[in-house]
Amino acid sequence: VEQPPEFHPEGDVFTHTLILAEMLKGATHTLAFGALLHDVGKPVTMTFEDRIRFNNHDKAGAQIAEDMCKRLRMSNHDTDRIIWLVDQHMRLAHAPQMRESKLKRFVREPGFDELLQLGRLDCQASHGDVSIIEWIDNYIANLPPDAVRPAPLLTGDDLIAMGFTPGPLFKEILQAVEDAQLEGQIATTDEARALVRGRWDTPGADITP
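Caption draft 1: Highlighting the layout of surface pockets. Reported here for the largest pocket is a volume of approximately 700 Å³. Phe7, His8, His57, Met90 and Ala93 are, among the 28 residues lining the largest pocket, the residues nearest its centre. Among the secondary structure elements, those contributing two or more residues to the lining of the largest pocket are β2 (52–54), α4 (57–71), α7 (112–124) and α8 (131–141). A per-class count over the lining of the largest pocket returns 11 nonpolar, 10 polar and 7 charged.

Caption draft 2: Expanded view of the side chain of Ser126. One can find Ser126 in the loop between α7 and α8. Not counting residues within four places of it along the chain, the set of residues in contact with Ser126 comprises Phe7, His8, Pro9, Glu10 and His16.

Caption draft 3: Quick peek at the pattern of salt bridges. Tallied over the entire structure, the rule returns 13 salt bridges. Here Glu100 ties to Lys104 by a salt bridge, and the two come within 3.8 Å at their closest N and O atoms. Remark: Lys104 and Glu100 occur in helix α6 (residues 100–107); sequence separation between them is 4 residues, near one turn of the helix. Bridged by salt links that share partners, the residues Arg105, Arg108, Glu178 and Asp179 form one connected network.

Caption draft 4: Seen up close, the environment of Phe170. Relative to the assigned elements, Phe170 resides in helix α10 (residues 168–182). Residues Phe170 and Gly156, 14 residues apart in the sequence, show an inter-C-alpha distance of 6.8 Å. Apart from residues no more than four positions distant in its own chain, Phe170 is found in contact with Gly156, Leu159, Ile160, Phe164 and Thr165.

Caption draft 5: Inspection of the side chain of Lys104 at higher detail. For Lys104, a relative accessible area of 8% gives the class buried. Discounting chain neighbours no more than four positions away, the residues touching Lys104 are Tyr139, Leu143, Ala147, Val148 and Leu182.

Caption draft 6: Quick look at the packing of aromatic side chains. What the rule picks out here adds up to 2 aromatic pairs. The ring of Phe106 is capped by Arg91, whose NZ or CZ atom sits 4.1 Å from the centre of that ring.

Caption draft 7: Local environment of unusual backbone geometry. Positive phi is not limited to glycine here, since Asn56 has a value of about 60°. You can call Asn56 exposed: its relative accessible area is 54%. Although it is not a glycine, Arg73 adopts a positive phi angle of roughly 55°. Along the chain, Arg73 falls in the loop between α4 and α5 (76–88). The class for Arg73 is exposed, based on a relative accessible area of 79%.

Analysis parameters
- Think of each chain on its own: its residues are numbered from 1, step by step along the sequence as written.
- Predicted model: local features are reported for residues with pLDDT of at least 70 only, side-chain atom pairs are reported and counted for 80 or more only, and whole-chain, interface and lining totals are derived from all residues.
- To obtain the side-chain values, all non-hydrogen atoms of the structure were used and water was disregarded.
- Using a grid of 1 Å spacing that covers the protein atoms alone, one calls a set of points a cavity when a 1.4 Å probe fits there but cannot get out, and a pocket when the set is open and has protein on both sides within 12 Å along at least five of seven lines; lining residues are those with an atom within 4 Å of a point.
- Grid points are joined across faces, edges and corners, and a volume is the space filled by probe spheres set on the points.
- Secondary structure elements are taken from DSSP: a helix is a run of H or I of four residues or more, a strand is a run of E of two residues or more, and numbering for both begins at the N terminus.
- Here the nonpolar group is Ala, Val, Leu, Ile, Met, Phe, Trp, Tyr, Cys and Pro; Asp, Glu, Lys and Arg are the charged ones; every other residue, Gly included, is treated as polar.
- Contacts are assigned to residue pairs that have any heavy atoms within 4.5 Å of one another.
- Basic side-chain nitrogens of Lys or Arg form a salt bridge, by our definition, when they fall within 4 Å of a carboxyl oxygen of Asp or Glu.
- Three labels apply to residues, based on accessible area from a 1.4 Å probe with only protein chains included: buried if under 20% of the type maximum, exposed if over 50%, partly exposed otherwise in between.
- Put simply, two rings from Phe, Tyr or Trp (the six-membered ring, in Trp's case) pair if the centres are within 6.5 Å, and we call them stacked under 30 degrees between planes, edge-to-face over 60, tilted for the rest.
- By the criterion adopted, a ring carries a charge over it if an Arg CZ or a Lys NZ lies within 6 Å of its centre and within 35 degrees of its normal.

Here it is, written out as structure tokens:
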């Protein structure tokens, strides 16, 4: 399958995959399968617009990878990891533009180290520009130890004490609180309560800290 030469001077998808595979020295088997299948969705998504494009080939590839893993009777853990690697490999390019909360959640995903390895190999096997991978490496290296997964400022019990009834809204509220925490907008329990009071009504609730 032909590729646009400005992004893939090495040649077609098969050539790209072979070059990448040759770099997989000492890789885990999930990374190896993720690398083998990362562009498997390109043939079914190939279009000719202003240039050759493979829109959503990551999503199409994830479905194909799932089918293959099931046929090979891989474990649920390995299947999930391989699907995730194929599905997420294009997201790395958007990391520098992500909101802080979204980026921190991304880099703390199980298997992100494998995804970053895949991204580096993908670049090295094509255009050779690993600047985004290096940006992510630098970002992670400069994060304080508790910045990616800080202790929660509020829990479900705290929301109940504030007058909320347990339900689907809890997830929305707690995620909003964690977003603000990851963004550096709040840092204390009192600030978290104030954020919740400002966004959600709790009629008749005891909101004394």
